[in-house]
Number of protein chains: 2
Amino acid sequence: MKVLITGAAGMIGRKLTERIAADGNVGGAAIEVLLLHDVVPPSPVPGSRVDTSDLGQPGATDRLLAERPDLIFHLAAVVSGEAEADFEKGYRVNLDATRALFESIRLMGEGYCPRVVFASSIAVFGKPFPDTIDDEFLLAPLTSYGTQKAIGELLLSDYSRRGFFDGIGIRLPTICVRPGKPNKAASGFFSNIIREPLNGEEAVLPVPEDVRHWFASPRSAVNFLLHAASLDGNALGSRRNLSMPGLSATVGEQIDALRRIAGDSVVARIRREPDETITRIVGGWPQNFVARRATELGFRSESSFDEIIRVHIEDELT
Amino acid sequence: MKVLITGAAGMIGRKLTERIAADGNVGGAAIEVLLLHDVVPPSPVPGSRVDTSDLGQPGATDRLLAERPDLIFHLAAVVSGEAEADFEKGYRVNLDATRALFESIRLMGEGYCPRVVFASSIAVFGKPFPDTIDDEFLLAPLTSYGTQKAIGELLLSDYSRRGFFDGIGIRLPTICVRPGKPNKAASGFFSNIIREPLNGEEAVLPVPEDVRHWFASPRSAVNFLLHAASLDGNALGSRRNLSMPGLSATVGEQIDALRRIAGDSVVARIRREPDETITRIVGGWPQNFVARRATELGFRSESSFDEIIRVHIEDELT
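Residues numbered from 1 in each chain as written. Chains lettered and ligands numbered in written order. Predicted model: local features only at pLDDT ≥ 70, side-chain atom pairs only at ≥ 80, totals over all residues. Heavy atoms only, no water.

A few words on the overall build of chain A. Within chain A, the regular secondary structure consists of 13 helices and 14 strands. Computed over its C-alpha atoms, the radius of gyration of chain A comes to 19 Å, within 12% of the 20 Å expected for a compact globule of 318 residues. Projected onto its principal axes, the C-alpha coordinates of chain A cover approximately 60 × 45 × 40 Å. By the burial criterion, 55% of the 318 residues in chain A qualify as buried. Considering only contacts within chain A whose residues lie at least 6 apart along the sequence, 76% involve residues at least 24 apart. (Helix = DSSP H or I, 4+ residues; strand = E, 2+ residues; numbered from the N terminus. Rg over C-alpha atoms; globule rule 2.2 N^0.38 Å. Buried < 20%, exposed > 50% of the residue type's maximum accessible area, 1.4 Å probe, protein only. Contact = heavy atoms within 4.5 Å.)

Residues and elements named next belong to chain B. Burial analysis of strand β4 (residues 33-38) places 6 of its 6 residues in the buried class, which makes it a mostly covered element. Note: strand β1 (residues 2-6) against β4, 5 bridges, orientation parallel. By the bridge assignment, I5 is partnered in β4 with L36. In this structure, β4 lies alongside strand β5 (residues 48-52), joined through 5 bridges in parallel fashion. Bridge pairing in β5 places H37 opposite D51. (Pairing = 2+ DSSP bridges.)

All names here are of chain A. Considered domain by domain, chain A is made up of domain 1 (2-173 + 216-243) and domain 2 (188-214 + 247-288 + 302-316). Distance from the C-alpha centre of domain 1 to the C-alpha centre of domain 2: 28 Å. With 13 residues of domain 1 at the interface, the matching set in domain 2 holds 13 residues. Buried surface at the junction of domain 1 and domain 2, both sides included, amounts to about 1,100 Å², of which 53% is carbon and sulfur. For the interface between domain 1 and domain 2, the tally reads 3 salt bridges. For the salt bridge of E314 with R219, the shortest nitrogen-to-oxygen distance reads 2.7 Å. Our enumeration of links across domain 1 and domain 2 arrives at 6 residue pairs in polar contact (both at pLDDT 80 or more). Taken together, the residues that form the side of domain 1 that touches domain 2 break down as 6 nonpolar, 3 polar and 4 charged. (Domains from an automatic or database assignment. Buried area = accessible area lost by both parts, 1.4 Å probe. Salt bridge = Lys/Arg side-chain N within 4 Å of Asp/Glu carboxyl O. Polar contact = N/O pair within 3.5 Å; in protein donor to acceptor, adjacent residues only side chain to side chain. Nonpolar A, V, L, I, M, F, W, Y, C, P; charged D, E, K, R; others polar.)

Turning our attention to the side chain of N94 of chain B. Residue and element names in this part refer to chain B. Relative to the assigned elements, N94 resides in helix α4 (residues 87-108). Residue classification places N94 among the buried residues on the basis of a relative accessible area of 5%. Among the polar contacts made by the side chain of N94, one reaches the main-chain amide nitrogen of V78 at a distance of 2.7 Å. Side chain to side chain, N94 and Q148 meet in a polar contact 2.9 Å long. In contact with N94, other than residues within four places in its own chain, are A77, V78, A83, K89, Y145 and Q148.

Residue and element names in this part refer to chain A. With parallel pairing, the 7 strands of this open sheet are ordered in space as β5-β4-β1-β6-β7-β8-β12. Of all the strands in the sheet, just β5 (48-52) and β12 (241-243) have a single pairing partner and so form its edges. Strand after strand, the sheet turns through a mean of 20° between neighbouring axes, direction not considered. Pairing of strand β8 (residues 166-172) with β12 involves 3 bridges; the strand directions are parallel. By the bridge assignment for β12, G169 is matched with N241. Set on the sheet, helix α5 (residues 144-161) makes contact with β7 (115-121), β8 and β12; between it and β7 the angle comes to about 155°. (Axes fitted to C-alpha atoms, helices over the stretch in contact; angles between N-to-C directions.)

A few words now on the interface of chain A and chain B. The partner chain B presents 36 residues to the 36 residues of chain A that form the contact. For the pair chain A and chain B, the two sides together bury roughly 3,200 Å², of which 53% comes from carbon and sulfur. Joining chain A to chain B, the criterion identifies 8 salt bridges. For R99 of chain B, the salt bridge goes to D96 of chain A, with nearest N and O atoms at 2.6 Å. Those elements giving two or more residues to the side of chain A that touches chain B turn out to be α3 (80-85), α4 (87-108) and α5 of chain A. Residue classes in the side of chain A that touches chain B are distributed as 18 nonpolar, 5 polar and 13 charged.

With that settled, the discussion passes to the packing of aromatic side chains. Any aromatic ring pair is given by two values, namely how distant the centres are and how the planes are angled relative to each other. This structure, assessed with the given rule, holds 32 aromatic pairs over all chains. Ring geometry for W214 of chain A versus F289 of chain A: centroids 5.2 Å apart, planes at 35°, classification tilted. In this pair, W214 of chain A sits in strand β11 (residues 212-216) while F289 of chain A sits in the loop between α11 (276-283) and α12 (292-296), placing the two residues 75 residues apart along the sequence. Neither W214 of chain A nor F289 of chain A differs from the other in exposure class; each is buried. Where F215 of chain B meets F305 of chain B, the ring centres are 5.5 Å apart and the plane angle is 80°; that geometry is what we call edge-to-face. (Phe/Tyr/Trp six-rings, centres within 6.5 Å; stacked < 30°, edge-to-face > 60°.)

With an RMSD of 0.0 Å, the fit of chain A onto chain B corresponds to turning through 180° and sliding 0.0 Å along the axis. Classification of the inter-copy transformation places it as that of a two-fold axis. For chain A, the residue whose C-alpha comes nearest the rotation axis is L138 of chain A, separated from it by 2.0 Å. The residues that chain A uses at the interface reappear at the interface of chain B in 100% of cases, marking a shared surface. (Least-squares fit on C-alpha atoms with pLDDT ≥ 70 in both.)

This part is about helix α1 (residues 11-23) of chain B. Residues and elements named next belong to chain B. The first and last C-alpha atoms of α1 sit 19 Å apart over 13 residues, in line with the 18 Å expected at 1.5 Å per residue. Turning to α1, its buried residues are M11, I12, G13, K15, L16, T17 and I20. After α1 finishes, the residue G24 shows a positive phi value of roughly 75°. (Expected span 1.5 Å × (residues − 1).)

Applying the stated criterion across every chain, the model contains 53 salt bridges over all chains. Ionic pairing is found between E202 of chain B and R271 of chain B, a salt bridge with its closest N-O pair at 2.8 Å. Here the residue E202 of chain B occupies a position in the loop between α6 (188-198) and β10 (203-205), and R271 of chain B occupies one in strand β14 (residues 270-272), the gap between them amounting to 69 residues. When salt bridges that share partners are traced, they join E84 of chain A together with D158, R161 and R162 of chain B into one network.

A few words now on unusual backbone geometry. Looking along the chain, the bond that leaves K127 of chain A and enters P128 of chain A is cis, with omega of 5°. Within the secondary structure, P128 of chain A sits in the loop between β7 and α5. In this model, C176 of chain B is joined to V177 of chain B through a cis peptide bond whose omega is 10°. Here V177 of chain B shows up in the loop between β9 (174-175) and α6.

All names here are of chain B. The 7 strands are arranged β5-β4-β1-β6-β7-β8-β12 in an open sheet whose pairing can be described as parallel. The open sheet terminates on both sides in strands that have one partner only, identified here as β5 and β12 (241-243). Taking the axes of each pair of neighbouring strands and ignoring which way they run, one obtains an average angle of 20° across the sheet. Strands β7 (115-121), β8 (166-172) and β12 of the sheet are contacted by helix α5 (residues 144-161), whose axis makes an angle of about 155° with β7. Each of β6 (71-74), β7 and β8 is contacted by helix α7 (residues 218-229), which is oriented at about 160° to β8, the strand it contacts most.

See below:
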C-alpha cells in the first residue's frame, strides 16, 4: 500500500506517521510507500520519503500523486486562530489547497480512486446548540476555519458520490492532552491545566470550572484516522462525514480526574486567572455530541477523563 | 438605491426585474440604477442597463461592482441537471463565479458593505429526511448543484460575519407553475401537468400520484427576494441562510386543485406514463419543511395548491 500524509509535520501527522511506521501496515496492507508532506519539513521515519511544499502552489498536488497513493490522509490546514487572523491565507490553504488536491485526484483518471481520509473538525458547528449534537445537526460554523472545513466536507461528499475518490471526513473533537509547550490557541488551557502541572509547572485556567467541552486523546485521533482508512466505503452511504466519538467533560471534571491520578499538590499548580475574551470564545463551542453513526461504524474513544490523562502519561511521560 | 441582478435573463430574474421596474423602488428606496447581468442578454426594462458576460471570466465581477450597488441579487447559476452533466461547468459557474463576486465585494473596501441576496435551493438537503425538515437539519446535498449552493451559503455566512457584506441566502422551494415551454428537467412535470392542460395541451405525468413535494409560485419567489432585500440583517443573527416557506402537496393534490379550478375536461389532458428513472430521482427530494425562522421573519407563501394555480392564471393567462 502506498500512503500519503499531508500535514505530516503537525502534532497528529507526526503521531500518525510514527504509528504507521511502527505497525508497518494499515488495516493489514503492508506499507510500500510512505510519503510525508508538509509546508515545513516533516520528521522522516525509516522507509519514508518527504515532500516539503506549499500545497497552494501550482503543480504541488499533482506531484504528490505521481505514484498514485492508495490512501491519502489529508491533514494539512492552517489552524483556527490563524485562519481567523489571516482571511486570505486560511482560504488559500484550507479551501483552495484542499480543492486542488481533490481536483488533482479527479484529473488523474484511468480508474484512480484512492481512499481519502479528511481531518475535519467540530468547528463546522456553531451555536445555538441543542443539548447534544447528533448526526443530522446543521453545519453552521462561526469561524472561517470551520467554514473552510465544512466546505471541504461538502466537496469530499460530492467527489466521492461522483466516484472520483472514496472519501471519509472525520470531525475530530478537541484533542487533549496536547503534548508540547503551551500555545496561544484559545483552547490551549484545556491541555495546559493537565500537562503543565504533571510537568511540575504552573498553568493558567482562564474560564469557570463549569465550562463543558468535547475531548479525545491524540491516541484516539490516530485510531480514528486509521479506522477510517480501512472502513468499507459502502457502509457509509452518501453521508461521508462523521462526528467522531469523544468525551464530554467540564473543566471541573478535568481537574477532579487530575486530582484522582496525581493528587492535590499537582492540582494546586492550576492558577485561576479569569479571561472574559477566552470565556466568551469558548462559550460558542460545542459541548456534547451523540456520535451514533461513527460508533456504529466502530470508531472508539475514551470513556472518562481519567483515561485521557492516563493515555497522556503512557504516551508522553513514560 | 443602486441594484444589481445577476442571472437576470432567467425566469425568476426576469420576473424580479419587471416587478422592481413596476414598483420603482425596493423596500421604499427609489431605484437610481438597475443593472441587469447574465451570460445571455437579459431583457431590459425602462431605465435599466445591461451587462452580458461570463461571471467566471477575470474582471467580470469587478466590472459589475464599479458603481457600488447597494443591493445585489445573486441569482446566476447553472441549473441542477446541467451541473450534474457538466461537472467542471457547474463548479466554475456555481462555485467559482459566486466566490469571485464575493471576493470582488470584499476587495472593494472603503466601507463598502452591500446587501447580498443569494438564491439558494432546497437541493442543499439530501435524503434520508425526517417527516419535516426544520431550520437545524444537516446540509447533505446529493447533487453537485446542491453542493455548490451549500458552499455558497457557507461563504455567504462567513463573509457576512466578517462584515464584508450583509448577506441573506434563501432556499427556494420548487417553483411551480413555471411559465413557458415544457423542459427536460426531472422536476418539469410538476409544472407541466398544470400549465399544459390549462393551455389545452396534453402533459405527461411520469410519477405516482402519492409523490409529495415542496412548492411556491414564481410570484412568491419574487416576494421572497424582495423581502430579503429589505430585512434587518441584525434580526438574522449568525445564521444567514433560511429555508423559505412553501406548500407541501402530493401530485394527487395538485390534480385535485386543477380539477376544482378548471374541471374534469382539463384534468383529462394529463396522461400517465410512468418513468422509473424520474420516480427514483424525485424520491430523493425533500417533501416537507417547517420554515419557522423564515415565517417569523415575515416571509410568506401560498397556503393551498389552488392558490398556486390561481396565481399562475392571474400572472400568466390573463
